[in-house]
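Overview (structure and organization)
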There are 2 protein chains.
Amino acid sequence: MVTLKDIALKTGVSTATVSRVLNGKGRGRIKPEIAHEIREQAEAMGYVINPIARGLRTNRSHMIGLIGDDVATTPYAGRIILGAQDAARTFGYLLTVVNTGNDAELERQQIDMLRRYGVDGFLYAAMYDRVMTLPDALDDCPTVMVDAEDKDGQCPSIGPDEQGIGEDAVARLLAAGCRRIAYYGSPPTVIAQPRRLAGYHAALDRAGIASDDRPVFDPDEKVDADMQAEALLDTGADGVFCFNDVRARFIYEAAVRRGLRIGRDLSVVSVDNFELLSVFFEPRLTSIELPHYEMGYWGACKLISMIEGRDMGGALDAVETRAVLPDLSVDRGRIRCAVVEKESVAVR
Amino acid sequence: MVTLKDIALKTGVSTATVSRVLNGKGRGRIKPEIAHEIREQAEAMGYVINPIARGLRTNRSHMIGLIGDDVATTPYAGRIILGAQDAARTFGYLLTVVNTGNDAELERQQIDMLRRYGVDGFLYAAMYDRVMTLPDALDDCPTVMVDAEDKDGQCPSIGPDEQGIGEDAVARLLAAGCRRIAYYGSPPTVIAQPRRLAGYHAALDRAGIASDDRPVFDPDEKVDADMQAEALLDTGADGVFCFNDVRARFIYEAAVRRGLRIGRDLSVVSVDNFELLSVFFEPRLTSIELPHYEMGYWGACKLISMIEGRDMGGALDAVETRAVLPDLSVDRGRIRCAVVEKESVAVR
DNA sequence: CTGAAAGCGCTTACAG
DNA sequence: CTGAAAGCGCTTACAG
């Protein structure tokens, strides 16, 4: 490992000077020729800073921690992590992920561990959109909530625009000519359910669709999913907005049983766009993708902005995403999601 | 933050002494009363070591890195991470995960980043069982491969016992009274395929089943999965060993179409035990669980053993898992997997 | 414009 | 049995 001292020796200056140049604190304070020489040598010798040593001195580790309740078993976590990691890398930060398994004691322990390592801030991530309270251990530390909203309204947060999902799904079905659009929802314990439902009604209001033509089904744990899908099709719906891809699968099966051709007789728009399930959908399912990568990315940018006390928003333009990210001045962000077009919606 | 110095001041000794006591290097070298006093005070003052400062001095960070090619989109990654994290925590290590997205340049960059942070070693994880080569950047660093095998045979590795999966699946079907057991495989590009197939044959050999009664189907990309499932059932099989749950789903559908009742007329054993898919299986699917958590856990224990130069095998007994872990002296471990019993196998 | 020095919180070889 | 001192690789207030 090449150190500052090695460079200082080589160039005949003090380590202080080398440090200043390499940190861009030499502006007008160090003779340009010397600065140039130092930079050349550092480059040639392959110098890279030792962030541990720097951190010991500055009390800033350039590490951020991602706390997730259930990184292990949800298929979403990966993309949140990926987005956060990409943003962190852009700014020279290292992302460290810990899983708490919904265990408050373990959570506390993990947060303490990360704090001992001097992380500069935290992403506190939920694995599905919800309202949460920040743990006490995070109170005095820069933190951003991901895929969540802070109950106390203190902590900046980012989530999907759930109402927009409902509106966009229904708009897509209306555009395909559907006039009797059903909603196959979820139990109301998740906040996405009432919000998507509100979006569904808003879009139908706008289109002047009567309330008679708005069959809404909330899955009841006690009713068989197949039976519910059958009941839904019994309403004569020509379009279905499904809460997620698993629900959509039940609609597909029910449709097959009664000889309805999806993408012709019946249009379906869903949410999740789960790659793992795609093999089960023929024709392929048009589905709205939740912006997990984007939430992770935005969350990390926001967090680093807070840590460094300046706007890191430029990075948002650099990232290629399907969804449009709010800018970093927003404190409770909601991302408008992208509809991923496949073949389950009728061609007009 | 309480420091060594605070404790030294409080107890009237030098920081050297405090350090020795707290690191257990005082044995017979420090007066017991003093040692006791120091420990008491440290406890009372809530001292926790600053691993960054310790690391700067000792060149050991107590961090380990997990490099994964595709942590983002595979449903397995989470459990590998969780297992590795649990083991790391047990030994006071911090796990840091990075995703390389199969991009060699990015991989190199991430490895360099982790090395700058001084990680003590690496877990190099695949997202499905395969033979890999260690990247050059990891050559001079303690490393363990997870869910993989080293092509060059240098690097210790851990994976599932694929042949055992085939043997156990078939044994289970034989025990249920099946006499014509089909294998619904995978394309041979994954190493699991030939190995599970070998296990299938080994178990049937042992049972004295003739080769006429061993219908084997390898999914052909060009042949529709539904058609293959139909062809498989046409053989008159009374038991099916499926390469994974997705395959099993096609068998279920084909069975329904011809009025066969699974768990009565036809028995099915699969691999993966995917929670996300479970809603699609009625009756619920008996499936062999790949030991991702266990591989992560074992890998981290092995790695830390290598780093510290002593056997950390004790931790293996502490962990509750379905599968049995090999002990840490093994260099190319294969874990015998657990059959998770549900209802898709006929009751005798 | 530049350097000597102190210090971040530890560990450890050396000396006693 | 214990301490003073050096040092890990940096940064920065201070002095010139």
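Residues numbered from 1 in each chain as written. Chains lettered and ligands numbered in written order. Predicted model: local features only at pLDDT ≥ 70, side-chain atom pairs only at ≥ 80, totals over all residues. Heavy atoms only, no water.

1. Focus: the side chain of B:S157
Residue and element names in this part refer to chain B. Heads up, the condition is: Labels follow the DSSP assignment, with helices taken as runs of H or I lasting at least four residues and strands as runs of E lasting at least two, numbered in each case from the N terminus. Counted as a polar contact is a pair of N or O atoms within 3.5 Å, where, for protein atoms, one must be capable of donating a hydrogen and the other of accepting one, and residues adjacent in sequence contribute only when both atoms are in side chains. By the convention used here, residues are in contact when the closest approach between their heavy atoms is within 4.5 Å.
As for its placement among the helices and strands, S157 is situated in strand β5 (residues 157–160). In this structure the side chain of S157 is engaged in a polar contact, spanning 3.4 Å, whose partner is the backbone oxygen of A148. Look past the residues within four positions of S157 in its chain and what remains in contact with it is M145, A148, E149, D150, W298, D331, R332 and G333.

2. What about the protein's contact with DNA strand C?
The test is simple: Working definition: residue near molecule or strand if any one of its non-hydrogen atoms lies within 4 Å of it. We call Asp, Glu, Lys and Arg charged. Ala, Val, Leu, Ile, Met, Phe, Trp, Tyr, Cys and Pro are nonpolar, and the rest, Gly among them, are polar.
Of all residues adjacent to DNA strand C, which total 27 residues, the nearest are A:T17, A:G28, A:R57, B:S19 and B:R57. Interatomic distance of 2.6 Å between a side-chain N/O atom of A:T17 and a phosphate oxygen of DNA strand C. Side-chain polar atom of B:R20 to a base nitrogen of DNA strand C: 3.1 Å apart, as the coordinates give it. The element contributing the most residues to the surface near DNA strand C is helix α4 (residues 51–58) of chain B, with four residues. Considered class by class, the residues forming the surface near DNA strand C number 10 nonpolar, nine polar and eight charged.

3. Thoughts on the relation of the copies chain A and chain B
Here is the rule: The copies are overlaid by a least-squares fit using only the C-alpha atoms of residues whose pLDDT is at least 70 in both copies.
Mapping chain A onto chain B leaves a residual RMSD of 0.1 Å; the transformation is a rotation of 180 degrees accompanied by 0.0 Å of translation along its axis. The operation mapping one copy onto its partner corresponds to a two-fold rotation axis. Identified as the residue of chain A closest to the rotation axis by C-alpha distance is A:T96, at 2.5 Å. Mapped onto chain B, 100% of the interface residues of chain A are again interface residues, and the two copies thus contact each other with one and the same surface.

4. A word on the interface of chain A and chain B
Going by this rule: Buried area is understood as the total, over both parts, of accessible area removed when two parts are fitted together, assessed with a 1.4 Å probe. Any carboxyl oxygen of Asp or Glu within 4 Å of a side-chain nitrogen of Lys or Arg constitutes a salt bridge here.
Across the boundary between the two partners, chain A contributes 43 residues, which contact 43 residues of chain B. Each partner contributes to the roughly 4000 Å² buried at the junction of chain A and chain B, and carbon and sulfur atoms together form 73% of this total. Together, A:I52, A:R116 and A:Y117 form the three largest contributors to the area buried by chain A at its contact with chain B, with a combined 17%. Along the contact surface separating chain A from chain B lie two salt bridges.

5. A word on the sheet that holds strand β10 (residues 286–289) of chain B
Residue and element names in this part refer to chain B. Heads up, the condition is: A pair of strands is considered paired only if DSSP assigns at least 2 bridges between the two. To get an axis, a line is fitted to the C-alpha atoms, and for a helix only the part in contact is used. The angle between two axes follows their N-to-C directions and goes from 0 to 180 degrees.
In spatial order, the strands read β7-β6-β8-β9-β10-β12; together these six strands make up an open sheet with mixed pairing. Each of the sheet's edge strands pairs with one partner strand only, and the pair in question is β7 (216–217) and β12 (338–340). Across three bridges, the pairing between strand β9 (residues 267–271) and β10 is parallel. Opposite V269, over in β10, you have T286 as the bridge partner. Helix α8 (residues 192–207) rests against β6 (181–184), β7, β8 (239–242) and β9 of the sheet, and its axis sits at about 175 degrees to β6.

6. Some words on the sheet that holds strand β3 (residues 121–132) of chain A
Residue and element names in this part refer to chain A. Here six strands make up an open sheet; going across it, the order is β2-β1-β3-β4-β5-β11 and the pairing parallel. One side of each edge strand has no neighbouring strand; the edge strands of this open sheet are β2 (94–99) and β11 (332–335). Pairs of neighbouring strands in the sheet enclose a mean axial angle of 20 degrees, with direction left out of account. Looking at chain direction, β3 and strand β4 (residues 143–150) are connected through seven bridges and run parallel. By the bridge assignment for β4, R130 is matched with A148.

7. A short note on the packing of helix α5 (residues 77–90) of chain A against helix α11 (residues 292–308) of chain A
Residue and element names in this part refer to chain A. The line we're drawing: Should the near helix be turned counterclockwise from the far one by less than a right angle, the crossing is left-handed, whereas a clockwise turn marks it as right-handed.
With their axes 6 Å apart at the nearest point, α5 and α11 run at an angle of 35 degrees to one another. Along this stretch, α5 crosses α11, giving a crossing that reads as right-handed. Note on element contacts: α11 touches α5 through H292, Y293, G296, Y297, A300, C301 and I304, opposite R79, I80, L82, G83, A84, D86, A87, A88 and T90. For the contact of α5 with α11, the per-class residue count stands at 10 nonpolar, four polar and two charged.

8. A few points about the domain arrangement of chain A
For clarity, the threshold we go by: Each domain span listed reflects an automatic or database assignment of domains.
In terms of domains, chain A is made up of domain 1 (4–49), domain 2 (58–160 + 292–335) and domain 3 (162–290). On a C-alpha basis, the centres of domain 1 of chain A and domain 2 of chain A stand 35 Å from each other.

9. Examining helix α6 (residues 104–116) of chain B
Threshold: Helix span, as expected, comes to 1.5 Å for every residue beyond the first. With a 1.4 Å probe rolled over the protein chains alone, any residue whose accessible area is under 20% of its type maximum counts as buried; one over 50% counts as exposed, and the rest are partly exposed. In this context, the arc is that of the directions from the helix axis out to the C-beta atoms.
An ideal rise of 1.5 Å per residue puts 18 Å on 13 residues; α6(B) measures up with 18 Å between its terminal C-alpha atoms. Here α6(B) has its buried residues at B:L106, B:E107, B:Q110, B:I111, B:M113 and B:L114. Burial along α6(B) is one-sided: seen end-on, the buried residues are contained in an arc of 160 degrees. Opposite the buried face of α6(B), by more than 90 degrees, sit the exposed residues B:A104 and B:E105. Its buried side turned inward, α6(B) meets α5 and β2 of chain A together with β1 (63–68), β2 (94–99) and β3 (121–132) of chain B. Where α6(B) starts, the residue carrying a side-chain oxygen 2.9 Å from the main-chain nitrogen of B:E105 turns out to be B:D103. Phi for B:G118, located one or two positions after α6(B), is positive at around 75 degrees.

10. What about α4(B)?
Turning to α4(B), its buried residues are B:P51, B:I52 and B:G55. Burial along α4(B) is one-sided: seen end-on, the buried residues are contained in an arc of 100 degrees. Check the buried side of α4(B) and you find it contacts α4 (51–58), β1 (63–68) and α6 (104–116) of chain A.

11. Things to note about the protein's contact with DNA strand D
In the vicinity of DNA strand D lie 27 residues, with A:S19, A:R57, B:T17, B:G28 and B:R57 positioned nearest. Close to the protein, within 4 Å, the atoms of DNA strand D belong to sugar or phosphate groups at a rate of 63%. Within the side chain of A:S19, a nitrogen or oxygen atom sits 2.4 Å from a phosphate oxygen of DNA strand D. Contact distances for DNA strand D include 2.7 Å between a phosphate oxygen and a backbone N or O atom of B:K31. Listed by contribution, the elements that provide at least two residues to the surface near DNA strand D are α2 (15–22) and α4 of chain A together with α2 (15–22) and α4 of chain B. The greatest single-element share of the surface near DNA strand D, amounting to four residues, is contributed by α4(A). Class assignment for the residues of the surface near DNA strand D results in 10 nonpolar, nine polar and eight charged.

12. Let's talk about the pattern of salt bridges
Side chains carrying opposite charge are able to pair once their charged atoms draw close together. All told, the structure shown has 58 salt bridges over all chains when counted by the stated rule. Taken together, the salt bridges that share partners define one network made up of A:D129, A:E149, A:R195, A:R332 and A:R334.

13. A word on the side chain of A:S186
Within the secondary structure, A:S186 is located in the loop between β6 (181–184) and α8 (192–207). In this structure, A:S186 is in contact with A:Q193, A:D218, A:P219 and A:F243, ignoring residues within four places of it in sequence.

14. Description of the pairing of strand β8 (residues 239–242) of chain A
All names here are of chain A. Quick reminder of the rule: By convention, orient the strands away from the viewer: a clockwise path from the first strand over the helix to the second makes the crossover right-handed.
Residues G239 and F241 of β8 are buried on one face, and the alternating residues V240 and C242, pointing to the opposite face, are buried as well. Both β6 and β8 contribute to a ladder of four bridges, which runs parallel. Residue pairing across strands places Y183 opposite F241, the latter belonging to β8. Pairing analysis gives three bridges linking β8 to strand β9 (residues 267–271), with the strands arranged parallel. Within the sheet, the bridge partner assigned to V240 lies in β9 and is V268. Read from β8 through helix α10 (residues 245–257) to β9, the crossover connection turns out right-handed.

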